[in-house]
Amino acid sequence: NAGVTQTPKFQVLKTGQSMTLQCAQDMNHEYMSWYRQDPGMGLRLIHYSVGAGITDQGEVPNGYNVSRSTTEDFPLRLLSAAPSQTSVYFCASSFSGTQGGKLFFGSGTQLSVL
Amino acid sequence: GDSVTQMEGPVTLSEEAFLTINCTYTATGYPSLFWYVQYPGEGLQLLLKATKADDKGSNKGFEATYRKETTSFHLEKGSVQVSDSAVYFCALSERAGGYNKLIFGAGTRLAVHP
């Protein structure tokens, strides 16, 4: 059982480039989410989805797009990368509201924007 | 909005020492509270949780008690090991749109030396 799989693990971009961070889960979770982790700030929610075709904004959505065409996949798109988006990105999933907040996390993507 | 405040790290201890990591929260209702742990190079994992006042969550020798009167959820362990070295995150669940979202603190790094 793979759990939550994120790719790539590391990425370096130049300012203005676009890219997609991939996230897939094989646990049939309805709820999926993206967080960014910055030193001294913990994890901040970017976007989340409660099922295929349904997405919503989190705490820091600007500069990011998401879509949820299948239950398994929840890609995060950076439209025009900026140095402020240098961070570690985590995808997380859970059964929607039935497990009292237990999120299953991927191993993260470390992104540097030069 | 809801928020979580953790003690700043890093916390450096010798093996077999007693550990306390402080966590306080601000919430409009009565959220569930969680401790997550992040080992080097990995995503976060749920360590323990408590869903109502005076509940004690415990796992792997770690404990935390939900204190409504002091809005706290301090993490404790009686005798730490080198393998406990990690970053610890306190979190609360916020109910929004029928689903639980997690609000994380900034994290506290623990380093345990032999």
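Keep in mind it's a predicted model, so treat the numbers as computed, not measured.

### Here's the deal with the interface of chain B and chain A
Contact with chain B, which involves 18 residues of that partner, is made by 22 residues of chain A. Buried area between chain B and chain A, both sides added, is near 1600 Å², and the carbon and sulfur share of it is 60%. Inspection of the region where chain B meets chain A yields 0 salt bridges. Where chain B packs against chain A, one counts 3 residue pairs in polar contact (both at pLDDT 80 or more).

### Quick look at the pairing of strand β7 (residues 56-59) of chain B
Both faces of the sheet carry side chains from a regular strand, because those side chains alternate between them. All names here are of chain B. In terms of strand pairing, β7 meets strand β8 (residues 62-65) through 4 bridges, oriented antiparallel. Opposite N59, over in β8, you have F62 as the bridge partner. With antiparallel pairing between neighbouring strands as the criterion, β7 and β8 make up a hairpin whose turn holds 2 residues, including K60 at a positive phi of roughly 55°.

### What about the side chain of Q85 of chain A?
Residue and element names in this part refer to chain A. Position of Q85 among the secondary structure elements: in the loop between β8 (76-78) and β9 (87-94). Accessibility expressed as a relative area gives 4% for Q85, which makes it buried. What Q85 contacts, discounting residues up to four positions off in sequence, is R36, N62, G63, Y64, L78, S80, L111 and V113.

### Observations concerning the environment of Q6 of chain B
Residue and element names in this part refer to chain B. The residue Q6 is located in strand β1 (residues 3-6) in this model. A residue is classified by how much of its surface remains accessible, and Q6, at 12% relative accessible area, is buried. Apart from residues no more than four positions distant in its own chain, Q6 is found in contact with I21, N22, W35, Y88, F89, C90, G105, A106, G107 and T108. Among the polar contacts made by the side chain of Q6, one reaches the side chain of T108 at a distance of 3.0 Å.

### Quick word on the state of the cysteines
Residues and elements named next belong to chain B. Enumeration according to the criterion identifies 2 disulfides over all chains in this entry. What pairs with C23 in a disulfide is C90, and their sulfur atoms sit 1.9 Å apart. Torsion about the S-S bond of the C23 and C90 cystine: about -70°, corresponding to left-handed handedness. With C23 in strand β4 (residues 23-26) and C90 in strand β10 (residues 86-96), this residue pair connects regions lying 67 residues apart in the sequence. A relative accessible area of 0% means that C23 is categorised as buried. Relative accessible area serves as the criterion here: at 1%, C90 is assigned to the buried category.

### With respect to the sheet that holds β7 of chain B
All names here are of chain B. Spatially, the 4 strands line up as an open sheet ordered β3-β9-β8-β7, and their pairing is antiparallel. Looking at which strands have only one partner, the edges of the open sheet turn out to be β3 (19-21) and β7. Adjacent strand axes in the sheet meet at a mean angle of 15° when their direction is disregarded.

### Observations concerning the sheet that holds strand β1 (residues 4-7) of chain A
Residues and elements named next belong to chain A. With antiparallel pairing, the 4 strands of this open sheet are ordered in space as β1-β3-β8-β7. The open sheet has two edge strands, β1 and β7 (64-66), and neither has a second partner. Between one strand axis and the next, the sheet turns through 20° on average, direction left out of account. Judged from the 4 bridges that link them, β1 and strand β3 (residues 19-25) form a sheet pairing that is antiparallel. Each bridged residue has a counterpart across the sheet, and for V4 the counterpart in β3 is Q25.

### A word on the pairing of strand β5 (residues 42-51) of chain A
Residues and elements named next belong to chain A. For β5, a buried count of 10 out of 10 residues is recorded, marking the element as mostly surrounded by other parts of the structure. Across 7 bridges, strand β4 (residues 31-38) lies against β5 in antiparallel orientation. The residue bridging S33 from the neighbouring strand is Y48, located in β5. Bridge analysis of β5 against strand β6 (residues 54-57) gives 4 bridges, and the strand direction is antiparallel. Of the residues in β6, the one forming a bridge with H47 is Q57.

Thresholds, definitions, all that
- Residues numbered from 1 in each chain as written.
- Chains lettered and ligands numbered in written order.
- Predicted model: local features only at pLDDT ≥ 70, side-chain atom pairs only at ≥ 80, totals over all residues.
- Heavy atoms only, no water.
- Contact = heavy atoms within 4.5 Å.
- Buried area = accessible area lost by both parts, 1.4 Å probe.
- Salt bridge = Lys/Arg side-chain N within 4 Å of Asp/Glu carboxyl O.
- Polar contact = N/O pair within 3.5 Å; in protein donor to acceptor, adjacent residues only side chain to side chain.
- Pairing = 2+ DSSP bridges.
- Helix = DSSP H or I, 4+ residues; strand = E, 2+ residues; numbered from the N terminus.
- Buried < 20%, exposed > 50% of the residue type's maximum accessible area, 1.4 Å probe, protein only.
- Disulfide = S-S within 2.5 Å.
- Axes fitted to C-alpha atoms, helices over the stretch in contact; angles between N-to-C directions.

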